[in-house]
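Notes for the structure review
Chain by chain, the residues:
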Amino acid sequence: VGDRADFDTEVTSVCPFCGVGCQVSLKVKDGKVKYVEGINGPANEGRLCVKGRFGFDYIHHPHRLTKPLIRRDDAPAKGLNVDPANWQEFFREATWDEALDRAANGWKALTEKHGGGTVAGFGSAKCSNEEAYLFQKLIRQGFGHNNVDHCTRLCHASSVAALLENVGSGAVTASFNEVEHADVVILIGCNPVENHPVAATYFKQFTKRGGKLIVMDPRGVGLSRFATSMLKFRPGADVSMLNAIMHTIVEEELYDRQYIEAYTENWEAQKAHLANFPPEKMEAFCGIPAATLRQVARDFATAKSGMIFWGMGVSQHIHGTDNSRCLISLALMCGHVGRPGTGLHPLRGQNNVQGASDAGLVPMFLPDYQTVTDDSIRRHFTTLWGSDDFSSEKGLTVTEILDAVHAGQIKGMYILGENPAMSDPDLNHAREALAKLDTLVVQDIFLTETANYADVILPAAAFYEKNGTVTNTNRQVQMGRAAVAPPGEAREDWAITMALANRLGLGWTYSHPREVFAEMKSGMKSLDNITWDRLEHEGAVTYPSLSPQDPGQVIVFGSGFPRDGGRAKFTPASIIAPAELPDADYPMILTTGRQLEHWHTGSMTRRSVVLDAVEPEANCSLHPATLRRLGVEPGGHVRLTTRRGTISLMARADRAVSEDMVFVPFAFVEAAANVLTNPALDPYGKIPEFKFAAVRVERE
Ligand code: SF4
C-alpha cells in the first residue's frame, strides 16, 4: 500500500462478498482502488475480514473483459476451456451494437419459432437490487413467462420456503447484532468464522460476556472452541436431533404456553408429533447422547432470550425445508421471536441474495414475494410496466431450467453474473446443457467457465465500478457507490439489461438506477419510507421502516406475524434419509462448502493476489486417521469419485471432519467439487443436496 495518506479520493460503499454487508471506504489513487478500510456501517462497526480488506484487486486484473465478444463461426466446440490470455481462437471482438443485436436477434428467432418460454434467465445476487429487478422484469415482460432464477436456489431456498410458510416472511426476524442482548444462541449448519467472518466476531463477543453458545454441526466448525455445548451430529440427522430437543421441551413442560396461545397455530399437532422422538430413541439416529440433547433443550427453553442462526448445512439437503421448519418450531415454542435478543436468522450468503430475492429474481414470486399466480398482483405489475400479461404459472428453478435445456424445452439463455458451469450440482450434466443452447448470452466481468459456452459475451462493470443498493442478511438496504470507472468498454449491468430490453422492443427509458429504485417502490411495500435520497445520506436503512425518520425495525413480529390470522404456524417434520447413502462402492460422505479466502466459484478471489497466495491450491479435508488408512501424508493427493464423476486434489489433515467424511471447497475449477455433488432436490425449496453424497476416496 505504501503511504496510506496518499490517495486522490475516498468513496464509501459495501463489501461485494458475503451477506454480512460490511461498509467500506475505498481509497482511490490514479483511477485504481489502492486499499480498503472498514467504516462504521450498522453490520460491521468498522470491522472487515480478509476478503473485504484484501480481496478488492480482482477489479484491476488483466483478465477483465473490456469489449463485447461474439463466438467465431469457426470456433472449436463449445465448452472447451478458454484461456483468458488466448480467447481469440474462440471469440472475436465486436461493437456493442453488433453484440446486442446478435443477442436479441438470437432470442427473437427462438421465440418466434418456439414461443417465449424457450428463453430463460439466471440473474445474480452479486448485482444491485435495481439490476435484479430489471433482470426479472426483462424475462417476464420480454418473454412472457417466469423462468428466471438465481443462486438463492442453491443456498437458502429451503429456508425461505419454510419461513414464508410458517412465519409469513422470508427474511430474518432480527439482525445478527442482536446477539448482544441474547442469553443463549444456537448456531447450526453454519461456519461463520469462514463464511460470515465479521458476524463471527459478534458471536465471540457474546461468549466473552457469558452468553451460552450451542454449536450444532457435523464438522467441528471454528466457533466450537467458544461453545458451551458442541453437538457434532451425524450428517443429515438434523430432524431427529431437533425433534428430540423439542420432545424434551414438551415432556418437561418448558415451552412458553402463553406465547404459543397468543401467537401460533397447529401446536397440538406439533406436540403429538414430537411424542415420537424421545432423545433416548433419537441418539442412535443423530449420534448425540440423550443427556446432551436434554441439557441443550433446557438451556435454550429456559433462557430469557434465545436466537437461532443457520447456514447451508441446514438448507442444502433434500430435507432442507424440514430442517428449517424444526428450527422455526423450536424458536416459537420457546417464545424466542420478536423481543430483544431473540430471533430466527438464516445467515445469507451473497452480498445481495436477500435483495435479489426481494426484487423478484425467483420463478414463483414477483417483487416482495407476491405470487405470480395471482391475477391482481400480475395486473399491478403489468400496469406499472405498461406491458401485456405474462404467464400465471410458476417458472422453472435453476436446476430445472438446465434439465429443460436437455429436454429441448429451453433453447436460449441470458446469464448475468452467475457461473452455473461451476456452481450447479452434477457439473457434467449442467455443462452439457449449456453446450446445447442455441443462443447463450453471458454478461460478466471475467471469461468465466460459463462464458466458455457463450455465443455472446457482454463485459460488465464490477461492484466497485457502479452505483446501486444492496440488502444484507440483516434486511439493511445499503448504498453501493462507484469508486472507479469500468475498464475499456465495460458497462454497468442495469444499462446492458436495458439495452437488451429495448432491442426486444420494451421501450425502457431509465437514465439512472435511482429511477429504477423509485419504480420498485411502487410494487414493494417493504421499501415504504426508504428512498434513494435517504440511502445517499444515511448509508443504510433497515426494512421495514415505519416512517421517513425511522432507521428501520431491527426486530420484527413482536405483536403477530404477516400470515392470515396473524399467527405463526408449527409444521411437524419427519425423518427423511439423504438421497444417496454410503455403500460398499462409495463408503464415505462428501460435503462441500466455502473457505475463508475464496468466494464461491473463485472467479474473483482466485484473481486476488493476497487471497490466492494464502490459499492457492484445490484442497479437501480428511481426518488424520482416514489419511493414515489411505496411506496419504497431509499435503499428498487423493482421488474422489461419486456416481457422477472424479476429481483429484490435495488432502489436508483436519480433525474437524469425522473419519467417514470428506469436505471439499467448491472454488477451484481444476478440481471442481460440483462434478461430484448430487442434484437431488428438496421438494419445496428445490435446493440440491450439496451437503451429502456418497463418495469413494483413494490415494492418487
Ligand atoms: Fe465482506 Fe463478509 Fe468479510 Fe464483511 S464479513 S468484509 S461483508 S466478506
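Remember, predicted model here, so these are calculated numbers, not experimental data. (Residues numbered from 1 in each chain as written. Predicted model: local features only at pLDDT ≥ 70, side-chain atom pairs only at ≥ 80, totals over all residues. Heavy atoms only, no water.)

A closer look at helix α14 (residues 320–333)
For an α-helix, the turn length of 3.6 residues means that residues three or four places apart are oriented alike. The end-to-end C-alpha distance of α14 is 20 Å, a good match for the 20 Å that 14 residues give at a rise of 1.5 Å each. Among the 14 residues of α14, 14 are classified as buried, and the element is accordingly described as predominantly covered. Immediately downstream of α14, the backbone of Gly335 shows phi near 70 degrees, a positive value. (Helix = DSSP H or I, 4+ residues; strand = E, 2+ residues; numbered from the N terminus. Expected span 1.5 Å × (residues − 1). Buried < 20%, exposed > 50% of the residue type's maximum accessible area, 1.4 Å probe, protein only.)

A short note on the pairing of strand β9 (residues 212–216)
Burial runs high along β9: four of the five residues are buried. Relative to β9, strand β8 (residues 184–188) runs parallel, the two sharing five bridges. Bridge pairing in β9 links Ile188 to Met216. Sheet analysis places β9 next to strand β10 (residues 229–231), joined by three bridges and oriented parallel. (Pairing = 2+ DSSP bridges.)

Some details on the confidence of the model for the protein
Looking at the protein as a whole, its pLDDT mean stands at 96, while 100% of the residues score no less than 70. Here the predicted complex carries an ipTM of 1.00, next to a pTM of 0.96. (pLDDT = per-residue confidence, 0-100.)

Focus on the state of the cysteines
Across all of its chains, the model carries zero disulfides by this definition. This cysteine, Cys151, is not joined by any disulfide, and Cys155 carries the nearest cysteine sulfur, 5.4 Å off. Since its relative accessible area comes to 6%, Cys155 is described here as buried. (Disulfide = S-S within 2.5 Å.)

Some points on the packing of aromatic side chains
Within the structure shown, the criterion is met by 19 aromatic pairs. Taken together, the aromatic side chains of Trp107, Phe135, Phe143 and Tyr414 make up a single cluster linked through ring pairs. The ring of Phe663 is capped by Arg219, whose NZ or CZ atom sits 3.7 Å from the centre of that ring. The ring of Tyr684 carries Arg325 above its face, with NZ or CZ at 4.2 Å from the centroid. (Phe/Tyr/Trp six-rings, centres within 6.5 Å; stacked < 30°, edge-to-face > 60°. Lys NZ or Arg CZ within 6 Å of the ring centre and 35° of its normal.)

Some points on the environment of Thr95
Residue placement: Thr95 occurs in the loop between β5 (91–93) and α2 (96–114). Sequence separation of Thr95 and Pro420 is 325 residues, and the distance between their C-alpha atoms is 26 Å.

Some thoughts on the sheet that holds strand β21 (residues 540–542)
As summarised here, the arrangement of the three strands in space is β19-β20-β21, forming an open sheet in which the pairing is antiparallel. The outermost strands of the open sheet, each flanked by one partner alone, are β19 (468–471) and β21. Pairwise comparison of adjacent strand axes, ignoring direction, gives a mean angle of 25 degrees for this sheet. Across three bridges, the pairing between strand β20 (residues 476–480) and β21 is antiparallel. Each residue of the ladder has a partner; that of Val477, found in β21, is Val541. Sitting on the sheet, helix α3 (residues 129–143) touches β19 and β20, and the angle it makes with β19 is about 90 degrees. (Axes fitted to C-alpha atoms, helices over the stretch in contact; angles between N-to-C directions. Contact = heavy atoms within 4.5 Å.)

Side note on the packing of helix α8 (residues 238–251) against helix α11 (residues 279–286)
Where α8 contacts α11, the two axes come as close as 9 Å, and the packing angle between them is 165 degrees. Taken together, the axes of α8 and α11 lie roughly antiparallel to each other. For the crossing formed where α8 meets α11, the hand is left-handed. Residues Ser240, Met241, Ala244, His247 and Thr248 of α8 lie in contact with α11, whose contacting residues are Pro279, Met282, Phe285 and Cys286. For the contact of α8 with α11, the class distribution of residues is six nonpolar, three polar and no charged. (Parallel < 35°, antiparallel > 145°, perpendicular 65-115°, else oblique. Left-handed = near helix turned anticlockwise from the far one by under 90°. Nonpolar A, V, L, I, M, F, W, Y, C, P; charged D, E, K, R; others polar.)

Describing the site of the ligand
In the vicinity of the ligand, the contacting residues are Cys15, Phe17, Cys18, Gly21, Cys22, Leu48, Cys49, Lys51, Gly52, Pro197 and Val198. Looking at the shell around the ligand, the elements that each hand over two or more residues are α1 (50–54) and α7 (197–208). When its residues are assigned to classes, the shell around the ligand shows eight nonpolar, two polar and one charged. (Near = heavy atom within 4 Å.)

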